[in-house]
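In case you want the letters, here they are:
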Amino acid sequence: MDDYFDFEKPVYEIEKTIEKLKGLSPEKGGLSDEIHDLEKKCQTMREEIYSRLTPWQMVQIARHPKRPVLQDYISTIFTQFIELHGDRRFSDDQALIGGFAMLGKNPVMLIGHNKGKNLEQNIQRNFAQPNPEGYRKALRLMKLAEKYNLPIISFVDTQGAYPGAGAEERGQAEAIAVNLTEMATLEVPIITVITGEGGSGGALAIAVGDVVLMQSYSVYSVITAEGCASILWRDASFAPQAAEAMKITAPSLLELGIIDEIIPEPLGGAHNDPEAAASELKRSLLKHLKRITGYSVSRLTHKRFEKYSAMGKFSK
Amino acid sequence: MPWFTKSKKETEPKPAKEDIWILCESCKAHVFKEDWFSNLKVCPKCNYHAKLTAYERVEYTLDAGSFKEMFDTITPSDPLEFVYPKGSYADRVNEAMLNTGLNESVVTGTGKIADTTVAVAIMDFRFLGGSLGSGTGEKILLMANYAYHHRIPYLIFSASGGARMHEGALSLMQMAKTCAGIARLNKKKVPYISILTDPTTGGTSASFAMVGDINIAEPGALIGFAGRRVIEQTIKQKLPENFQTSEFLLEHGFLDMIVQRNEMKKVLKQVLSFCTR
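Scanning chain A for helices and strands turns up 14 helices and nine strands. For chain A, whose C-alpha radius of gyration is 21 Å, the value lies close to the compact-globule estimate of 20 Å for 316 residues. When the backbone C-alpha atoms are referred to their principal axes, chain A occupies close to 70 × 50 × 45 Å. Scored against the burial criterion, the 316 residues of chain A give a buried share of 49%. Sequence-distant contacts in chain A: of pairs separated by 6 or more residues, those separated by 24 or more amount to 71%.

Pasting the structure below:
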């Protein structure tokens, strides 16, 4: 069973045909022309489809089951990852993990939403929807990074903070709010990258970066498209329209000043070439890390305050 | 400014029932209009604290005539050119402005409480559900900055359904923006008191509303993060009656106190006397 979307079907059909022809007679010269033509046609079609994706189609790619997740990037981009557990208050929330890591020659504190690669992992990690203890662990690690003067790198990929009863009892709102407040004045550089879904406050609680990067097929929104549709369209099936209206894709967000840079992905999504995706991501992280590591604390926190003060569009 | 004058009642012909009674939304009791307003829009039968407009809150909380409004020319724009079945965001905004006389979902300025000068931001639920939009966040931050520079306590009265969807991620960023303003107050030891009123939910509760030095709520307010129905659908269980009320939050350790509306001014005065030595 292949993971492809309905809008990718034409490409999939051609690829299947190519496979069949290749299998038929690998030596016969005549067929290789046909195969070559089909491959060209396939590539053109791919480029066409992916150049005019709708926001809703972007959401599908951002949520692709084979899309690389944090644990993939930990093994491809970072080395010497030492996971640090617990919020010292309640539990160890596996939906949001973090620890020491090396990015090239740079020691950093890495934190991020922890999507699973299969159902079993996702259940154990609550589908990367953190409870308050996840955010409190993130805060503990960020304060530790501040103590040791380590830059913080946060990987964002969540549908949102977990909407459970226990979460409310343990102060989900307060946990997010405290993180937003503390991150505003942290005395170390913070680089955030949205690698999948940026699900509202549950994402923002680790995303108040000096630099906010976004992979090209990722999305970032104040509410899920389904959530917005069920409220404003009174019907969750209008998610495609809601996704369009809310301007949740990387190019729109760059224009609105929400993000600082789009990190290119392989055509159709990182899952098509995880190594290439990781390489681009690593390059961007290193570039920005090098740039802002030199800032004095006062310059860093002043620029961060200016950055967030400037967000928003209103009339006077 | 009297809400209702005796002479008006005397000169008019016998009024219809609706004119002199208010129906309590909560217990459905009929309350004499005069009693309703003299009780600061709190039901004398069931203690339901009805929503106040921003200017009513000003009148009930600040010393008479002390309020000086600031930043009132800030209004929403339509950065996403947002359109949905009900119409356009631009139309919704115009309606809200016409219906409330406000320019945004928050009123900001300075005033006095028992002669102590304070900075205030007071949200108004009538304006697009008190939602947090770009203009709201800007006003809240500007007022925080004023409090920071003038070293005066900052009081925010929250009444909000959360972030304003029609401005997309720009609304989401207002959570970070407002909290950045609060963070600076903390660094400079400027007091920040959060008063949570009905309702305080979503992106508002998950930002400035829950990080007061002191978190004060009115009785029976709806205060929470996710919507009740969303939670019930997620966990497939019914929730307790008092879930996400002020009392529930106090029980779970997230409020410093619950204060009756007619005691709010007195309590604020007492708290401020400790903050502003």
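Having put the structure on the table, let's press on.
In this section: the environment of Gly181(B). Its place among the elements puts Gly181(B) in helix α7 (residues 169–187). Through-space distance from the C-alpha of Gly181(B) to that of Ala144(B) is 5.6 Å; in sequence the pair is 37 residues apart.

This part covers the domain arrangement of chain A. Structurally, chain A comprises domain 1 (6–52) and domain 2 (59–309). Here the C-alpha centre of domain 2 of chain A lies 36 Å away from the C-alpha centre of domain 1 of chain A.

Another aspect to go through is the interface of chain B and chain A. Residue-level contacts link 50 residues of chain B with 44 residues of chain A. Looking at the side of chain B that touches chain A, the elements with two or more residues in it are β4 (75–76), β5 (83–84), α6 (134–150), α7, α8 (202–205) and α9 (228–235) of chain B. Counting residues per element, the side of chain B that touches chain A draws most heavily on α7(B), which supplies 14 residues. Taken together, the residues that form the side of chain B that touches chain A break down as 31 nonpolar, 16 polar and three charged.

Further remarks concern the pairing of strand β9 (residues 154–160) of chain B. All names here are of chain B. Among the seven residues in β9, seven count as buried, and that is most of the element. Burial along β9 is two-sided: Tyr154, Ile156, Ser158 and Ser160 facing one way and Leu155, Phe157 and Ala159 facing the other are all buried. Where strand β8 (residues 116–123) lies against β9, four bridges are found, and the strand directions are parallel. Looking at the pairing, alanine 121 lines up with isoleucine 156 of β9. Regarding the hand of the β-α-β motif, the stretch spanning β8, α6 and β9 is right-handed.

Judged by nonpolar contacts, the single largest core of 153 residues is most densely connected at Leu180(A), Met214(A), Ala242(A), Tyr154(B) and Cys179(B). Top element by residues in this core is α7(B). It accounts for eleven residues. With near-sequence residues (within four places) excluded, Ala242(A) lies in contact with Ala225(A), Cys228(A), Ala229(A), Leu232(A) and Trp233(A). Core analysis: the second largest hydrophobic core is formed by five residues, Cys24(B), Val31(B), Trp36(B) and Cys43(B) among them.

Okay, the sheet that holds β8(B) next. Residues and elements named next belong to chain B. The sheet built from seven strands is open, its strands ordered β3-β7-β8-β9-β10-β11-β12 with mixed pairing. Looking along the sheet, the strands with just one partner apiece sit at the ends: β3 (68–70) and β12 (257–258). Here β9 pairs with strand β10 (residues 192–200) via six bridges, running parallel. Looking at β10, one finds that serine 158 is bridged to leucine 196.

Let's shift gears to helix α11 (residues 239–246) of chain A. A large share of α11(A) lies buried, amounting to six of its eight residues. Inspection of α11(A) places Ala239(A), Gln241(A), Ala242(A), Ala243(A), Ala245(A) and Met246(A) among the buried residues, and these make up the whole buried set. The inward-facing, buried residues of α11(A) abut α3 (55–62), β7 (219–221) and α10 (225–232) of chain A together with β5 of chain B. Looking one or two places after α11(A), you find Lys247(A), whose phi comes out positive at around 55°.

For the rest of this paragraph, the subject is the environment of Glu47(A). All names here are of chain A. Tracing the backbone through its elements, the reader meets glutamate 47 in helix α2 (residues 29–51). Residue classification places glutamate 47 among the exposed positions, given that 12 C-beta atoms sit within 10 Å. Taking the C-alpha atoms as reference, glutamate 47 lies 8.5 Å from glycine 268; in sequence the two are 221 residues apart.

A separate point is helix α6 (residues 132–147) of chain A. Residue and element names in this part refer to chain A. In this model α6 runs 23 Å from its N-terminal to its C-terminal C-alpha over 16 residues, within 8% of the 22 Å that 1.5 Å per residue would give. Here α6 has its buried residues at Pro132, Glu133, Gly134, Tyr135, Arg136, Lys137, Ala138, Leu139, Leu141, Met142 and Ala145. The elements touched by buried residues of α6 are β2 (96–103), β3 (106–113), β4 (152–158), α7 (165–169) and α8 (172–184). Where α6 terminates, the next one or two residues include asparagine 149, which has phi positive at roughly 55°.

Calculation rules
Residues numbered from 1 in each chain as written. Chains lettered and ligands numbered in written order. Predicted model: local features only at pLDDT ≥ 70, side-chain atom pairs only at ≥ 80, totals over all residues. Helix = DSSP H or I, 4+ residues; strand = E, 2+ residues; numbered from the N terminus. Rg over C-alpha atoms; globule rule 2.2 N^0.38 Å. Buried ≥ 20, exposed ≤ 12 C-beta atoms within 10 Å, placed from the backbone. Contact = placed C-beta atoms within 7 Å. Domains from an automatic or database assignment. Nonpolar A, V, L, I, M, F, W, Y, C, P; charged D, E, K, R; others polar. Pairing = 2+ DSSP bridges. Right-handed = clockwise from strand over helix to strand, strands pointing away. Core = buried A, V, L, I, M, F, W, Y, C linked by C-beta atoms within 7 Å. Expected span 1.5 Å × (residues − 1).

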